[in-house]
Amino acid sequence: MKGPITIIVEHVRGVVRPAAYELVTLAGKMQSACRVDIRAVILGDDIGGCAEKFSADCGVPVAVVSDSRLRDYSAELYTAVLADVLKRMEPSFVCVPHSSQGADFASGLALRLGAACITGVEGYHAAEDGMLFYRPIFGGKIRAAIRPKAATTVLTLQPGSCRPHTADAAADAQVDTLDVAVADRRWGELTTRPAEKTGVDLTEAKVLVAAGRGIGEEENLELVRRLAEQFPQSAICGSRPIIDAGWMPYSRQVGVTGATVSPELYVACGISGAVQHLSGMRGAGFVVSVNSDPGAAIFNASDICIVEDLKVFIPQFIQLVDEQ
Amino acid sequence: MKILVCVKQVPESDAPVSIDDATGWVSLGGAATYAMNRFDECAVEEAVRIKEAYPDTVIDVVTAGPERAEAVVRRAMGMGADNGAHILTAADTYVDAFKTAAAIAAYARKQPYDLILTGAMSEDLMQAQVGPLVAAHLGMACVTSTIAIDLSAGTDRVYVEREVEGGCREVGDIRLPALLTIQTGINTPRYPALSKLLRANSRELEIVDLDVFDPGDSPQALEGVALPEKTRDAVFLEGSTAQKAGQLLNILRERSLIT
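Predicted, not measured: the structure shown is a model, and the values here were computed from it. (Residues numbered from 1 in each chain as written. Chains lettered and ligands numbered in written order. Predicted model: local features only at pLDDT ≥ 70, side-chain atom pairs only at ≥ 80, totals over all residues.)

A few points about the overall build of chain B
Here is the rule: In this description a helix means any DSSP run of H or I spanning at least four residues, a strand means any run of E spanning at least two, and both kinds are numbered starting from the N terminus. Whether two residues are in contact is decided by their C-beta atoms, placed from the backbone, lying within 7 Å.
The secondary structure content of chain B amounts to six helices and 15 strands. Its C-alpha atoms give chain B principal-axis dimensions of about 65 × 45 × 40 Å. Here the analysis covers contacts within chain B between residues at least 6 apart in sequence; of these, 69% occur between residues at least 24 apart.

What follows is the structure in structure tokens.
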């Protein structure tokens, strides 16, 4: 029998991130195609209780490496320890979230294991001659299929691509503590600095009007603001290029590195639809997109698509609302 | 201080892309325009700022790409980089991150760099792999999604801040040599100076063929490309601008999303 699908459980000091449960769903689906076991690995300090819960919730045996040096994430230590653990486990697939941690260590780990590395995976296809993994390219306008050609494949799953696994019937926890030598850090140590409090909570708005790079000039933000004013309980937000340009504060950023929102209505103005942004707004009830590029990837993730110059379209729309 | 910046040429984000059935890859058409990857522009800018603070700094720039990609090396030199190199790949084909990273690492091994900067990812392939792979090949410390750099603490270390989820940052000192992948928002890249651009255009670039660094077969391969599946209805409104505005208002009213 081939090696297992091994999930690397992402957590912050024992608090498991939702992305780990999305990996359980992916692994479960892949399992029905490749008929191998599912395992999980947790690295941390005094992490046994967390491992027990994850194992019971997901019905997956968990291998634990516990060491005070693993209290906080470190690319250097994760790569070394996981390479050690996985060489013994000989997994077919190593599943990691495409997060700030997962994307940080996945490719270096793959190189050490002589494994394939496929990042930002959104889906897969179980072909007769093996698995193919889908990932978006060119801002999401094209989907590439990648075929692993090594005994082990490290893949990172784009957050939001799978529903998180929810605990059904509680299973008996299976936790195995591994004895692995953990070296001291040589690179240096990073500590986490919490986010600044801003007072803006995008998750409370029922309607979000979002601006992207396609708005062109900062002065066109005024149009976006005026459009938002047409809706009750609305707020404006932006994709990363708008925040990078300093046109809106970070607290208004929607996407992987910003807020995850699920308003009743999301109006995307000049947003290209890169996967990093889509991850933050997938949960919206209804999505309307205005973009002058008919090939923009945002349209595939929209209910209503409007190919127009928003400098022309938004004033027309506002005028119509005013008249009626 | 010796810095290497890795840059990539990518199509402009609004370039129309289609699938070329003959090659099994993406076609951008002859009219496509290309630019430096935005993440890499920030990496070049960061290197130039270091050189402005520490004038004995030397900045080398390297790209891996087809012939047209030399434009981004010259642009980086126009921004203030000293020397340029071009690892030449075939045009309009898929080049795996495994091969690109092995080639850049082999190139970088020729001299000791204190700092290697790359973009956090490329805008076209979005793999975020080349930076960490180069670091792994060279056995260097690696920090991804870097959003602040400070070298004032000493010559053997760099203070970094890296972006993590929810607005948090991981902060601290990392020892040199190190590879940092740069996140957008760290700075506003400057436009190249005309005088520097003219000088860069008259300079010879070091040109190396990708195959010189052939690391063997990649552990993964492109199987094909397709248009993405729709995740929602994607109904395109038709008609004049005014008609589309009217249709949208009706749709939103039917759903009680506007009063």
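Digging into the overall build of chain A
Note the following rule: Partly exposed residues are those whose C-beta has more than 12 but fewer than 20 other C-beta atoms within 10 Å; with 20 or more the residue is buried, with 12 or fewer it is exposed, and the C-beta atoms are placed from the backbone.
The secondary structure content of chain A amounts to eight helices and 18 strands. In terms of overall dimensions, chain A has C-alpha extents of about 70 × 45 × 40 Å along its principal axes. Counting across all 324 residues of chain A, residues that qualify as buried make up 55%.

Side note on the interface of chain A and chain B
Many authors give the size of an interface as the accessible area that is lost as the parts come together. The test is simple: Residues are grouped as follows: nonpolar covers Ala, Val, Leu, Ile, Met, Phe, Trp, Tyr, Cys and Pro; charged covers Asp, Glu, Lys and Arg; every other residue, Gly included, is treated as polar. Any two strands with at least two DSSP-identified bridges between them are counted as paired.
In this complex, chain A contributes 73 residues to the contact, which on the side of chain B involves 68 residues. Counting residues per element, the side of chain A that touches chain B draws most heavily on strand β10 (residues 142-148) of chain A, which supplies seven residues. Tallied by class, residues from the side of chain A that touches chain B come to 40 nonpolar, 19 polar and 14 charged. Looking at chain direction, strand β13 (residues 191-193) of chain A and strand β11 (residues 169-175) of chain B are connected through three bridges and run antiparallel. Paired with R193 of chain A across the bridge in β11 of chain B is R169 of chain B.

Considerations on the confidence of the model for chain B
We count it as follows: As a per-residue measure, pLDDT tells how confident the predictor is, with possible values from 0 to 100.
The pLDDT averaged across chain B works out to 94; a share of 100% of its residues lies at or above 70. As a predicted assembly, this complex carries a pTM of 0.94 together with an ipTM value of 0.94.

Some details on the sheet that holds β13 of chain A
Heads up, the rule is: Axis lines are fitted through C-alpha atoms, for helices just across the contact stretch, and the angle between N-to-C directions can take any value from 0 to 180 degrees.
Spatially, 10 strands are ordered β13(A)-β11(B)-β10(B)-β9(B)-β12(B)-β8(B)-β1(B)-β6(B)-β7(B)-β13(B) in an open sheet, and the strand pairing comes out mixed. With one partner strand each, in any of the chains shown, β13 of chain A together with β13 (206-209) of chain B form the two edges of the open sheet. Averaged over all pairs of adjacent strands, the angle between their axes in this sheet comes to 35 degrees, without regard to strand direction. One ladder, built from five bridges, connects strand β8 (residues 115-119) of chain B with strand β12 (residues 178-182) of chain B; its direction is parallel. Bridging from a neighbouring strand, L115 of chain B pairs with A178 of chain B of β12 of chain B. In the packing of helix α2 (residues 70-79) of chain B onto the sheet, the strands contacted are β1 (2-7), β6 (58-65) and β7 (83-88) of chain B, and the crossing angle to β7 of chain B comes to about 165 degrees.

Section: helix α6 (residues 241-254) of chain B
Residue and element names in this part refer to chain B. Put simply, the rule reads: Each residue after the first adds 1.5 Å to the expected span of a helix. Summarising the geometry, the arc corresponds to the directions from the helix axis toward the C-beta atoms.
Between its first and last C-alpha atoms α6 spans 20 Å; for 14 residues at 1.5 Å apiece the expected length is 20 Å, and the two agree. Every buried residue of α6 is listed here: K244, A245, L248 and L252. The buried residues of α6 all sit within an arc of 100 degrees when viewed along its axis, so they share a single face. Opposite the packed face of α6, turned more than 90 degrees from it, sit the exposed residues Q243, N250 and E254.

A few points about the packing of helix α5 (residues 221-229) of chain A against helix α8 (residues 310-323) of chain A
Residues and elements named next belong to chain A. Rules: Note on angle classes: values under 35 degrees are labelled roughly parallel, values over 145 roughly antiparallel, values of 65 to 115 roughly perpendicular, and the remainder oblique. Each crossing gets its hand from how the near helix is turned against the far one by less than a right angle, where anticlockwise is left-handed and clockwise is right-handed.
Orientation of α5 relative to α8, taken along the N-to-C sense of each, is 30 degrees, at an axis distance of 10 Å. Between α5 and α8, the angle falls in the class roughly parallel. Relative to α8, the crossing made by α5 is left-handed. Between α5, through L223, R226 and L227, and α8, the contact on the second element is made entirely by L310, K311, I314, P315 and I318. Taken together, the residues that form the contact of α5 with α8 break down as six nonpolar, no polar and two charged.

A look at the environment of T203 of chain A
Residue and element names in this part refer to chain A. In this structure, T203 sits in the loop between β13 and β14 (207-211). Residue classification places T203 among the exposed residues on the basis of 12 C-beta atoms within 10 Å. Spatially, the C-alpha atom of T203 lies 11 Å from that of Q253, the residues being 50 residues apart in sequence. If we ignore the near neighbours within four places in the chain, the residues touching T203 are A259 and V261.

Some thoughts on the domain arrangement of chain A
All names here are of chain A. In plain terms, the rule: Where each domain starts and ends comes from a domain assignment, either automatic or drawn from a database.
You can read the domains of chain A as domain 1 (5-177) and domain 2 (202-323). A C-alpha centroid distance of 33 Å is found between domain 1 and domain 2. Domain 1 puts eight residues into the contact, and the matching count from domain 2 is 10 residues. Within the side of domain 1 that touches domain 2, the residues separate by chemical class into two nonpolar, five polar and one charged.

Quick word on the sheet that holds strand β8 (residues 123-127) of chain A
Taken in spatial order, the four strands of this open sheet run β8(A)-β9(A)-β10(A)-β14(B), and their pairing is antiparallel. A single partner strand is all that each edge strand has here, and the edge strands are β8 of chain A together with β14 (220-226) of chain B. For this sheet, the mean angle separating the axes of adjacent strands, direction not counted, is 30 degrees.

Overview of the nonpolar core
Selection rule: By definition, a nonpolar core groups buried Ala, Val, Leu, Ile, Met, Phe, Trp, Tyr and Cys residues that are joined through C-beta atoms within 7 Å.
Core analysis: the largest hydrophobic core is formed by 132 residues, its most contacted members being I42 and C95 of chain A together with V5 and I104 of chain B. Setting aside residues up to four positions removed in sequence, C95 of chain A forms contacts with I5, T6, I7, I8, L23, L26, A27, L155 and L157 of chain A. A211, F231, V287 and I314 of chain A belong to the second largest nonpolar core, which has 51 residues in total.

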